[in-house]
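Below are the chains, spelled out letter by letter.
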Amino acid sequence: MRKFLKPLFSLLLAASLSGSSGNGAEQKPFLAGNRNEDWKLTPYSKWIALPDGGTALEIDIKPDDPIRNITYGAHIPLDLSRYRGQQIVISGIFNVKNVPAQKNGSYSVKLMLYHQGESGTRYIPSAYGLWGTFRNNRQELSFTVPEDVGKNLLMVGMQCNRGLVQVRDLKLEVRDFYPAPVPLPADFRCEYSDAVRNTPRLRGAGIRSVSSLKDAEDLAKEGANLMRWWIRYDFEDKTLKDLDRVLDKLEKLAPEYEKLGLKVIPVLCNVPGGRFKKPEILGINSSNITTRSQSNFQLFFNKEYLDLYIKAWETIARRFKDAPAIYGYSIMNEPSQFGRVTHDYLYCQYLAAKAIRKIDPEKPICIASNNWDKADAFSYLKPLLFKNIIYEVHMYTPYSYTHQGVGGTIKAIKEGKYKAYPGRIGDSEYNRTVLRKSLQPVVDFQKKYGAKVYCSEFSVIRWAPGAAQYLEDLCSIFEELGWDWAYHCYREWINWSFEHPDSYGNDRPAKTPTERGQVLRKYWAKNRKSKEI
């Protein structure tokens, strides 16, 4: 799960204005269709004239200049009503000098769209952790404009950092940024075998591959009938021997899981090569430079890792195609493709699914959406043409509520500053209706293609006020929509644990059932009723 501190939007709006229009002559607009005077400039920012008559934005923050946690540069409201239902790409060319790396990936050079709509607020960046010195780097962000256009603010500059940044050639265009791996037939509908279509609803939780058989037994006693089985292995081991070690354990435990009535969906905790540890810049000119964001998997660029990824799933399919307890394969966890890549996030999954289908033609294959498996990425997700494909979504909206106290935000929790649900969180009001609306892109995908959907992760930090109500609202929505689901996570980290108290600082198991646990047990009890029927 992503650990990231969101920018302080309200502070950005309150920042004082400064800057001028270069040499005073009338310049071409920084972004076509918008006048330069409509942009708001923060301190340390100004317009500079280009030889071709264009305008560039310059942010120059010296080492001793006082700064706050805002995005220094320029911002402008965008009217996106003409682009309803379309995918837009906003891009610009960046020259960057001496911007130091930070612990927080958000404290970097950025091109970012802030969206506030009926389903809550979202930040759509081009990349995280964009630091260093480089020239002529084209940054791109993509956004599918919803029918609820909402309010949209474009930010260009650098958040809470220092150095010299120049941005030019900013443009907005309509483009299919994430094409289908193969063309879809007209009126395509997902195909499912009778066995998959008639499988009783699966309701369970994630569990680590290092967990014991007793953990699985206890989860089954709670009423769960599904385990999202996290394959934790050395993803930098190019021999895949460590993967085999973990699969040996799963192969040994699979018959025991079957006796417990547990279906298992194994998922790679990380793909071969993992994510980039730091951003890297490639290319020699503005037309082909790509940013390797820290969020991107290395296999998006590296064919050796992509081949290993396919080989890993071929290995898993061969070992478990005849194992009754293994219900299906979840082939990629939380992809997050930023900018142009060599191998698209969905294309990588397509290649793995194609390889699996040559070995195992029946078991379901779970496909992840982009943007950390978020619901909004379903607006441009394309279905695959194979039979028995299930589509995964993760639900942690609003992130600042579910993850309060994770990473650097623990300071607020130690000071007794909590966000409560339902209620106003950040810039929006959140309740069951809003949570349901935030999942609408998935619902639209489900209806359009007749797809089966599986929420393979959802959770809330245990000390969040209203956590039980949050889980109740989500579980009731999943039931309404007919989705399978897995709570994150069972006996993994005590702060996701429903067996631990609903308060910060108390790390011993609760002596009485928690309210969060009671909600989950209430819905897991439906598994027993379906067995009786």
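Residues numbered from 1 in each chain as written. Predicted model: local features only at pLDDT ≥ 70, side-chain atom pairs only at ≥ 80, totals over all residues. Heavy atoms only, no water.

1. As for the environment of isoleucine 365
Phase 1: One can find isoleucine 365 in strand 17 (residues 365-368).
Phase 2: When its relative accessible area of 0% is taken as the criterion, isoleucine 365 is described as buried.
Phase 3: Measuring from C-alpha to C-alpha, the distance between isoleucine 365 and alanine 353 comes to 6.9 Å, with twelve residues separating the pair along the chain. (Helix = DSSP H or I, 4+ residues; strand = E, 2+ residues; numbered from the N terminus. Buried < 20%, exposed > 50% of the residue type's maximum accessible area, 1.4 Å probe, protein only.)

2. Quick word on the sheet that holds strand 6 (residues 109-117)
Phase 1: Strand order in this open sheet of five strands is 1-4-9-6-7, and the pairing throughout is antiparallel. Sheet topology places strand 1 (40-41) and strand 7 (120-125) at the edges, where each strand pairs with a single neighbour.
Phase 2: Pairing between strand 4 (residues 71-78) and strand 9 (residues 151-159): eight bridges, direction antiparallel. Looking at the pairing, tyrosine 72 lines up with methionine 158 of strand 9. (Pairing = 2+ DSSP bridges.)

3. Let's talk about the sheet that holds strand 8 (residues 132-144)
Phase 1: Pairing within the open sheet is antiparallel, and its five strands lie in the order 2-3-10-5-8. Either end of the sheet is taken by a strand with one partner, and the two such strands are strand 2 (45-49) and strand 8. Ignoring which end each strand starts from, the neighbouring axes of this sheet average 25° apart.
Phase 2: The pairing of strand 5 (residues 87-99) with strand 8 spans ten bridges and is antiparallel. Bridge assignment links valine 89 to a residue of strand 8, and that residue is serine 142. (Axes fitted to C-alpha atoms, helices over the stretch in contact; angles between N-to-C directions.)

4. Overview of the packing of helix 4 (residues 241-259) against helix 5 (residues 303-320)
A pair of packed helices is captured by two measures, namely the crossing angle of their axes and the spacing between those axes.
Phase 1: It is at 11 Å that the axes of helix 4 and helix 5 come closest, and there the two elements cross at 20°. With respect to helix 5, the axis of helix 4 lies roughly parallel. Crossing geometry of helix 4 relative to helix 5 is assigned as right-handed. Residues Leu243, Asp244, Leu247, Asp248, Leu250 and Glu251 of helix 4 form the contact with helix 5, whose own contacting residues are Ala312, Thr315, Ile316, Arg319 and Phe320.
Phase 2: A per-class count over the contact of helix 4 with helix 5 returns six nonpolar, one polar and four charged. (Parallel < 35°, antiparallel > 145°, perpendicular 65-115°, else oblique. Left-handed = near helix turned anticlockwise from the far one by under 90°. Contact = heavy atoms within 4.5 Å. Nonpolar A, V, L, I, M, F, W, Y, C, P; charged D, E, K, R; others polar.)

5. A closer look at the confidence of the model for the protein
Phase 1: Within the protein, residue pLDDT values average 91, and 92% of them lie at 70 or more.
Phase 2: Within the model, pLDDT remains below 50 along residues 1-25, and this stretch shows 67 contacts once partners closer than five positions in the same chain are excluded. (pLDDT = per-residue confidence, 0-100.)

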